[in-house]
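Here are the chains, one letter per residue:
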Amino acid sequence: GSLGTEINSTATEILPQISADGKTLYFVRHNHSDNMGEGDIWVSKRVGEDRWSTAVNLGAPINNRLENQVVGVGKNGTQLYLKMGLEKRENNHIFTTKKNGRSWTRPKRLNTNLPTDLSMRHIFVSEDGKTILVAIETPAAGFDLQMTQQRLDGKWSELVSLGDKINTREDETSACLSEDGKTLYFSSNGHGGMG
């Protein structure tokens, strides 16, 4: 069912990201009069079984003139991973911010070294911030799921395909990991079923 008027509006709401405890929902709202850019991050808190608080725009420094989205929620919801911009050249615009009282610190860029000449969709950063899953355009097989991990020296590994048990000749997108990191959820139009 619908999440109600506290979250849904006459604008467009997309790309939901929920905290591990299920109590905080972040999403992107497009073309709203309170936005700083075309797509801003908004937040709502669960206040009852099926009730959510009226969503509020997270404002600066999390939102700016670019398309902004939450791509991961850190432990205890005190850290967010953000993507800013949709262009290929902005693939490396992945940032982290920490909760400081009631506000968020200025986002700091993660030096992920993702390719800036290929289209990416649906980035996901794990709760510990050490694994990033991306759906990246491949020449022969549509969008495939690939992964980079943060090494001990803080640098990020080269992207590695998740392999042909997961990736098909069709599109695989929208990947996320369970809280314990042992279960991968994703969508595909190359495996049987509804996608």
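Bear in mind that the values here come from a model prediction, so they are computed numbers and not experimental data.

**Notes on the packing of aromatic side chains**
When we look at a pair of aromatic rings, we describe it by the centre distance and by the angle of the planes. Applying the stated criterion across every chain yields a total of zero aromatic pairs. One residue, Arg-29, lies across the ring of Trp-42, its end atom 4.2 Å from the ring centre. The residue whose ring lies beneath Arg-121 is Phe-143, and the NZ or CZ to ring-centre distance is 3.8 Å.

**Notes on the layout of surface pockets**
Volume-wise, the largest pocket comes out at about 500 Å³. Of all elements in the fold, only β1 (12-18), β6 (68-73), β11 (120-125) and β15 (172-177) reach the threshold of two or more residues within the lining of the largest pocket. A per-element tally of the lining of the largest pocket places β1 first, with three residues. A per-class count over the lining of the largest pocket returns nine nonpolar, eight polar and six charged. Reported here for the second largest pocket is a volume of approximately 240 Å³. Put simply, the parts of the chain that give the lining of the second largest pocket at least two residues each are β3 (39-48), β5 (56-57) and β9 (103-104). Top contributing element to the lining of the second largest pocket by residue count: β3, with three residues. Looking at the lining of the second largest pocket residue by residue, the classes come out as eight nonpolar, six polar and three charged.

**Examining the sheet that holds β11**
Across the sheet, four strands lie side by side as β11-β12-β13-β14; this open sheet has antiparallel pairing. Every other strand in the sheet has two partners, leaving β11 and β14 (160-161) as the edge strands with one partner each. Note: strand β12 (residues 131-137) against strand β13 (residues 143-149), seven bridges, orientation antiparallel. Residue Ala-135 lies in a different strand from β13, and its bridge partner there is Leu-145.

**Quick notes on the side chain of Ser-178**
Of note, Ser-178 is situated in the loop between β15 and β16 (184-188). Among residues more than four places away in sequence, those in contact with Ser-178 are Thr-183 and Tyr-185.

**As for the pattern of salt bridges**
With the rule as written, the count across this model stands at three salt bridges. Here Glu-127 makes a salt bridge to Lys-75, at a shortest N to O gap of 3.4 Å. In this pair, Glu-127 is assigned in the loop between β11 and β12 and Lys-75 in the loop between β6 and β7 (79-84), connecting sequence segments 52 residues apart. Taking the relative accessible area as the measure of exposure, Glu-127 reaches 16% and is therefore buried. The salt bridge involving Arg-151 is made with Asp-153; its shortest N-O contact spans 3.7 Å. Overall, the relative accessible area of 52% leaves Asp-153 in the exposed class.

Reading the values: rules and limits
- Residue indices begin from 1 for each chain and proceed along its sequence in written order.
- Given that this is a predicted model, residues contribute local features only at a pLDDT of at least 70 and side-chain atom pairs are listed and counted only at 80 or more, while totals for whole chains, interfaces and linings are drawn from all residues.
- Excluded from the side-chain calculation are hydrogens and water; included are all heavy atoms of the structure.
- The aromatic pairing rule takes the rings of Phe, Tyr and Trp, using the six-membered ring of Trp, and pairs them if the centres are within 6.5 Å, calling planes under 30 degrees apart stacked, those over 60 edge-to-face and the rest tilted.
- Two conditions define a charge located above a ring, namely a distance within 6 Å from the ring centre to NZ of Lys or CZ of Arg, and an angle within 35 degrees of the ring normal.
- With a 1 Å grid laid over protein atoms only, a set of points is called a cavity when a 1.4 Å probe fits there but cannot get out and a pocket when it is open yet has protein on both sides within 12 Å along at least five of seven lines; lining residues have an atom within 4 Å of a point.
- Grid points are joined across faces, edges and corners, and a volume is the space filled by probe spheres set on the points.
- To qualify as a helix, a DSSP run of H or I must reach at least 4 residues; to qualify as a strand, a run of E must reach at least 2; elements of each kind are numbered from the N terminus.
- Put simply, Ala, Val, Leu, Ile, Met, Phe, Trp, Tyr, Cys and Pro go in the nonpolar bin, Asp, Glu, Lys and Arg in the charged bin, and everything else, Gly too, in the polar bin.
- Strands are labelled as partners when DSSP assigns at least two bridges between them.
- Note on definitions: a residue-residue contact is assigned when non-hydrogen atoms from the two residues lie within 4.5 Å.
- Only one rule defines a salt bridge in this text: a Lys or Arg side-chain nitrogen within 4 Å of an Asp or Glu carboxyl oxygen.
- Burial classification: accessible surface area is computed with a 1.4 Å probe over protein chains only, and a residue below 20% of its type maximum counts as buried, one above 50% as exposed, and the rest as partly exposed.

Function cannot be read off these values alone, since they describe shape.
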